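Listed here are the chains, written in short residue letters.
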Amino acid sequence: MEEYKKRKIAVDFFRLLSIIKRDKKKMLLFCGVAAVLGVAIALDTPKEYTSGVLLAPESNDASGMSGNLSSLASMVGMKFSMGGGDDAIFPEIYPDLMESNDFKVSLFPIEVQTIKGDLKTTYYDYLDKHQKVSWYEYPVVWFQALMKKLVSDPVPDAQGGSSTPEKADPFRLTKRQAAIADYIGKHVTCAVDKKTSAISIQVTDRDPLIAATLADSVKARLQAFITDYRTNKARKDLEYVEKLCNEAKAQYVEARQLYAAYSDANQELILQKYKSKQEDLENDMQLKYNAYTQMMEQLQLSRAKVQERTPAFTVIQSASVPLKHSSKSKASTVLRWVFMGFMLRVVILMWKRRREIFRVVEA
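Presented here is an overview of the structure given in this document. As a convention, each chain's residues are numbered from 1 in the sequence order in which they are written. Residues qualify for local features only when their pLDDT is at least 70, as the model is predicted, and side-chain atom pairs are given and counted only at 80 or more; totals for whole chains, interfaces and linings, by contrast, use all residues. Excluding hydrogens and water, the side-chain figures rest on all heavy atoms present in the structure.

1. Some points on unusual backbone geometry
Here's step 1: Phi at S197 takes a positive value of approximately 65 degrees, unusual for a residue other than glycine.
Here's step 2: For S197, the location among the structural elements is in the loop between β5 (188-192) and β6 (199-205). Secondary structure elements are taken from DSSP: a helix is a run of H or I of four residues or more, a strand is a run of E of two residues or more, and numbering for both begins at the N terminus.

What follows is the structure in structure tokens.
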């Protein structure tokens, strides 16, 4: 048992190099066939273009008056919160937000146009019907079509799913919608610099104009989502205050009309009974006016609160139509295939001549 443990397998690299040198013809044949395949794939692989946007979000740290008030309140054992610092969505989770089906489905109806101007449609329709399939992808497409016929869609259109982007339900996508959503997730990416919190959005597509259009649209949708989230409570408060303000105004107008009508109808009367009634109406009108004035002040504060909660994004780099493709060069593709052909032949030689190359030696 001890002798077995001390044994190990050694590789005779000099022997392997000698075998490879004597196998020049077949090695060249393997590399040549691999090179031909590499050239065919490189020529048929469509170019891809990448367009990016760089954003700098505002800081959520409390500052200014709100920070001073928080410090004073903490000195007397009170808790005061105003403005930022209580957000559940911060820049670090923006990439996770863009990975959600809700966000990806919201990109389906975006109107896109190719740089040549020969196609203008929705992004969903562009990905669904106008993507070129390379010859080496046909076996995969054929297999997927075969599986689609053999296995029924678990979420068919007749049971609630829809193939149209306008009616796509993120909660219940069809297979095709899910496939397109996955494609978007791989080609629309977001990264956040942990040091500077700068948000980088990149969109890769086979058409440069569509890549730039999507990058700008993704930026706008991300800004709209964050703005909607951060101002949600403030906007609801504003709607409630506006409702109270309208009610206070209506009550004031009604009280003023009653006072004016009563004063005009009893202008020449000197009885104390009528004067008391007039004073009561005047006091009620004044109370309603004071309430209306206070609600107007509260309305202005609520509007300012919405503005305060609205985040500001500084666009460091705007989306632009890329002039050069970002896909790998054709030469690198051919070299990779030549290297794979070489390694395949080496593996075959190592298997055939394994008794000469691998030896068991004592440790």
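That was the structure; now back to the text.
2. Details of the packing of helix α11 (residues 232-265) against helix α12 (residues 272-309)
For any two helices packed against each other, the geometry is given by the interaxial angle and the distance between the axes.
Here's step 1: Where α11 meets α12, the axes come as close as 8 Å, and the angle between the chain directions of the two elements is 160 degrees. As judged from the angle between their axes, α11 and α12 are roughly antiparallel. The interaxial crossing formed by α11 with α12 has left-handed handedness.
Here's step 2: Gly falls in the polar group here, along with every residue not listed as nonpolar (Ala, Val, Leu, Ile, Met, Phe, Trp, Tyr, Cys, Pro) or charged (Asp, Glu, Lys, Arg). Here the contact of α11 with α12 is built from residues that sort into 21 nonpolar, five polar and eleven charged. Axis definition: a line fitted to C-alpha atoms, limited for helices to the stretch in contact. Angles are taken between N-to-C directions and run from 0 to 180 degrees. Here the word oblique covers every angle except those under 35 degrees (roughly parallel), over 145 (roughly antiparallel) and from 65 to 115 (roughly perpendicular). Rotating anticlockwise by less than a right angle from the far helix to the near helix defines a left-handed crossing, while the corresponding clockwise rotation defines a right-handed one.

3. Focus on the sheet that holds β5
Here's step 1: Taken together, the four strands give an open sheet; going across it, the order is β5-β6-β2-β7, and neighbouring strands pair in antiparallel fashion. With partners counted over all chains shown, the strands left at the sheet margins are β5 and β7 (313-317), one partner each. Neighbouring strand axes in the sheet, compared pairwise and without regard to direction, differ in orientation by 25 degrees on average.
Here's step 2: The criterion for strand pairing is that DSSP finds at least two bridges linking the strands in question. Summarising the sheet, strand β2 (residues 49-57) and β7 pair through four bridges and their orientation is antiparallel. Its bridge partner being in β7, P57 is matched across the sheet by F313.
Here's step 3: Between two residues, a contact is recorded if the distance between any of their heavy atoms is within 4.5 Å. Seen against the sheet, helix α9 (residues 175-187) touches β5 and β6 and runs at an angle of roughly 40 degrees to β5.

4. A look at the packing of aromatic side chains
Here's step 1: Stacked, edge-to-face and tilted labels apply to pairs of Phe, Tyr and Trp rings (six-membered ring for Trp) whose centres lie within 6.5 Å, assigned for plane angles under 30 degrees, over 60, and everything in between, in that order. Following the criterion strictly, the structure yields four aromatic pairs and no others.
Here's step 2: Judged by centre distance (4.9 Å) and plane angle (55 degrees), the rings of F108 and Y124 are tilted. In this pair, F108 sits in the loop between α6 (101-105) and β3 (111-113) while Y124 sits in helix α7 (residues 123-129), placing the two residues 16 residues apart along the sequence.
Here's step 3: Burial classes follow relative accessibility: with a 1.4 Å probe on protein chains only, a residue under 20% of its type's maximum area counts as buried, one over 50% as exposed, and anything between as partly exposed. For F108, a relative accessible area of 0% translates into the label buried.

5. Here we look at a nonpolar patch on the surface
Here's step 1: Patches in this entry comprise residues that are over 30% relatively accessible and not in a salt bridge; like charges within 9 Å are linked, as are nonpolar side chains (Val, Leu, Ile, Met, Phe, Trp, Tyr) within 5 Å. For the accessible areas, the method is Shrake-Rupley and the probe is 1.4 Å, while residue cover comes only from the protein chains on display. Each salt bridge in this description consists of a side-chain nitrogen of Lys or Arg and a carboxyl oxygen of Asp or Glu lying within 4 Å of one another. Where nonpolar side chains cluster on the molecular surface, the patch consists of I9, V11, F13 and F358 and spans about 390 Å² of accessible area.
Here's step 2: With respect to the element layout, F358 can be found in strand β8 (residues 358-362).
Here's step 3: Note on F358: relative accessible area 32%, which makes it partly exposed.

6. Some thoughts on the side chain of T204
Here's step 1: Counting through the fold element by element, T204 comes out in strand β6.
Here's step 2: Of the residues examined, T204 reaches a relative accessible area of 16% and is grouped as buried.
Here's step 3: Here the side chain of T204 touches T50 through a polar contact of 3.1 Å, side chain to side chain.
Here's step 4: Ignoring anything within four residues of it in the chain, the contact list for T204 reads E48, Y49, T50 and H187. Polar contact is the term for a pair of N or O atoms within 3.5 Å; when the atoms are in protein, one must be able to donate a hydrogen and the other to accept it, and sequence-neighboring residues count only if both atoms are side-chain atoms.

7. Remarks on the nonpolar core
Here's step 1: Grouped together as the largest cluster of nonpolar side chains are 34 residues, with contacts concentrated most on Y123, I199, I201, L214 and L222.
Here's step 2: Residues contacting L222, with those up to four places away along its chain left out, are Y94, L97, M98, F103, I199 and I201.
Here's step 3: In this structure, A234, L238, Y252 and L299 belong to the second largest nonpolar core, which totals 15 residues. Think of a nonpolar core as a cluster: buried Ala, Val, Leu, Ile, Met, Phe, Trp, Tyr and Cys residues, connected wherever their side-chain atoms sit within 4.5 Å.

8. Focus on helix α10 (residues 208-230)
Here's step 1: Its 23 residues place the ends of α10 33 Å apart at the C-alpha level, agreeing with the 33 Å of an ideal helix rising 1.5 Å per residue.
Here's step 2: Its side-chain oxygen placed 3.1 Å from the backbone nitrogen of L209, D207 serves as the N-cap of α10. In this scheme, a helix's expected span is set at 1.5 Å multiplied by one less than its residue total.

9. Regarding the pattern of salt bridges
Here's step 1: Inspection of every chain in the model, using the stated rule, returns eight salt bridges.
Here's step 2: Close ionic contact of D128 with R176 constitutes a salt bridge, the shortest N to O distance being 2.6 Å. Within this pair, whereas D128 is found in helix α7, its partner R176 is found in helix α9, the two being separated by 48 residues in sequence.
Here's step 3: Judged by relative accessible area, which is 26%, D128 ranks as partly exposed.
Here's step 4: Residue classification places R176 among the partly exposed positions, given a relative accessible area of 37%.

10. Remarks on the side chain of T333
Here's step 1: Mapped onto the secondary structure, T333 falls in helix α13 (residues 330-352).
Here's step 2: Excluding residues that lie within four positions of it along the chain, T333 makes contacts with G38 and A42.

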